Amino acid sequence: MALLDLSQMRKQYEGDHSPLVEDDMPVKHPMIIFKKWLAEAVSTEGIEEANGICLATATKDGKPSARMLLLKGIDDRGFKFFTNYQSRKSEELESNPQACFVLYWDQLSKQIRVEGKVERLTDAESDEYFYSRPLASQIGAACSVQSSVVPSREFLMETESKLQTEYGDGKKVIPRPNWGGYRLVPDMIEFWKGHSNRIHDRIAFRRPVEGEQADDTLIHAGEDGWLYTRLSP
């Protein structure tokens with residue numbers, strides 16, 4: 001097999017003539033802008049899972065890991081996702097409750113990056129989402145201790161079959177396993193828009209550090225206490 005020449009792989013970005021300009025943002029609140037961009041992605045043909053995120057976590061001593069999963073909720077405090085509480089990501093979040101996730105929509109040449117602290121959802125919140133899932137997804141979560149070593153795929157399928165026999169008719173409620181949700185409470189949200197000349201737009205909103213204020217030159221005041229800046233690409 002011939003080696004790919006990755007150095008020559010590049011693309012023309014969509015929307016080269018519509019840069020992301022601060023004065024064109026109708027609101028200066030990152031949560032509102034996030035929801036607007038996500039809604040645009042959801043309605044864009046060819047984007048199958050607009051809520052797909054790459055979530056990065058790290059151990060207490062800083063060893064990183066990342067994986068794809070689905071964003072499953074947005075509220076006034078932040079962004080919700082769900083996982084097995086014995087997974088690698090959960091173990092890392094319990095010891096180092098900081099995370100970052102990225103959404104990228106190729107068709108729109110847009111990306112959002114979010115950083116912040118992570119907290120567990122309440123049992124009631126996790127129950128509400130778990131039991132809103134299709135029964136097959138509930139069984140799938142129950143038969144897998146995520147990230148643990150298993151002898152074979154057949155082992156997982158046999159476990160699923162046993163749970164299907166017991167719970168598949170829907171007459172019995174399957175107990176929620178050691179599985180639930182987290183909320184990422186953002187302290188930084190960056191909006192990125194690509195351009196073919198590589199002069200990409202980057203507008204970053206962040207919570208101020210103690211005593212920090214807008215200077216209306218490099219640091220601007222957003223809504224609800226947020227500050228925002230333009231970053232060099």
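Note that this is a predicted model, so its numbers are computed, not measured. (Residues numbered from 1 in each chain as written. Predicted model: local features only at pLDDT ≥ 70, side-chain atom pairs only at ≥ 80, totals over all residues. Heavy atoms only, no water.)

S.K.: What is the right way to look at helix H5 (residues 153–167) in this model?
M.R.: Working note: α-helix, 3.6 residues per turn, so residues spaced by three or four point in the same direction. The end-to-end C-alpha distance of H5 is 21 Å, a good match for the 21 Å that 15 residues give at a rise of 1.5 Å each. Put simply, Ser152 is the residue that caps the front of H5, since its side-chain oxygen is 3.4 Å from the backbone nitrogen of Glu154. (Helix = DSSP H or I, 4+ residues; strand = E, 2+ residues; numbered from the N terminus. Expected span 1.5 Å × (residues − 1). Polar contact = N/O pair within 3.5 Å; in protein donor to acceptor, adjacent residues only side chain to side chain.)

S.K.: How should I be thinking about the packing of aromatic side chains in this particular structure?
M.R.: Aromatic ring pairs are described here by two measures, namely the spacing of the ring centres and the angle between the planes. Summed over all chains, the structure comprises 14 aromatic pairs. Between Phe34 and Phe101, the aromatic rings sit 6.5 Å apart at their centres with planes inclined by 90°, giving edge-to-face as the arrangement. In this pair, Phe34 sits in helix H1 (residues 30–42) while Phe101 sits in strand S5 (residues 98–105), placing the two residues 67 residues apart along the sequence. Classification of Phe34 by relative accessible area gives buried; the value is 0%. Here the aromatic residues Phe82, Tyr129, Phe130, Tyr131 and Trp179 are joined through ring pairs into a cluster of three or more. The positively charged end of Lys110 is found above the aromatic ring belonging to Trp37, 4.3 Å away from the centroid. Over the aromatic face of Tyr85 sits the side chain of Arg120, whose NZ or CZ is 3.7 Å from the ring centroid. (Phe/Tyr/Trp six-rings, centres within 6.5 Å; stacked < 30°, edge-to-face > 60°. Buried < 20%, exposed > 50% of the residue type's maximum accessible area, 1.4 Å probe, protein only. Lys NZ or Arg CZ within 6 Å of the ring centre and 35° of its normal.)

S.K.: Can you walk me through a nonpolar patch on the surface in this structure?
M.R.: A cluster of nonpolar side chains, namely Leu4, Leu6 and Met9, defines an oily patch on the protein surface of about 390 Å² accessible area. Secondary-structure assignment places Leu6 in the segment before H1. On the basis of relative accessible area, Leu6 is assigned to the exposed category, the value being 58%. (Patch = residues over 30% accessible without salt bridge, like charges linked within 9 Å, V, L, I, M, F, W, Y side chains within 5 Å. Areas by Shrake-Rupley, 256 points an atom, 1.4 Å probe, with all protein chains shown as cover. Salt bridge = Lys/Arg side-chain N within 4 Å of Asp/Glu carboxyl O.)

S.K.: Looking at this model, I keep getting lost on helix H2 (residues 88–95). Mind explaining?
M.R.: Those residues of H2 lying buried are Lys89, Ser90, Glu92 and Leu93. The buried residues of H2 occupy an angular sector of 165° when projected down its axis, which confines them to one face. (Arc of directions from axis to C-beta.)

S.K.: Which parts of the structure should I look at to understand the pairing of strand S6 (residues 110–120)?
M.R.: Both S5 and S6 contribute to a ladder of 8 bridges, which runs antiparallel. Across the sheet, the residue bridging to Tyr104 is Gln111, located in S6. Count of turn residues in the S5/S6 antiparallel hairpin: 4 residues, of which Ser109 carries a positive phi of about 55°. (Pairing = 2+ DSSP bridges.)

S.K.: What's the story with the pattern of salt bridges in this structure? I'm lost.
M.R.: Oppositely charged side chains may form a pair once their charged atoms are brought near each other. Enumeration according to the criterion identifies 19 salt bridges in this entry. In this structure, the salt-bridge partner of Glu125 is Arg183, at a minimum N-O distance of 2.9 Å. Residue Glu125 is located in helix H3 (residues 123–130), and its partner Arg183 is located in strand S7 (residues 179–193); the two are separated by 58 residues in the primary sequence. Taking the relative accessible area as the measure of exposure, Arg183 reaches 7% and is therefore buried. Across the salt bridge formed by Arg207 and Asp224, the nearest N and O atoms sit 3.7 Å from each other. Taken together, the residues span a long stretch of sequence, with Arg207 in the loop between strand S8 (201–206) and strand S9 (220–221) and Asp224 in the loop between S9 and strand S10 (227–230) at a distance of 17 residues. Here Asp224 falls in the exposed class, since its relative accessible area comes to 53%. Linked through salt bridges whose partners overlap, the residues forming this network are Asp75, Arg77, Lys80, Glu119, Glu125 and Arg183.

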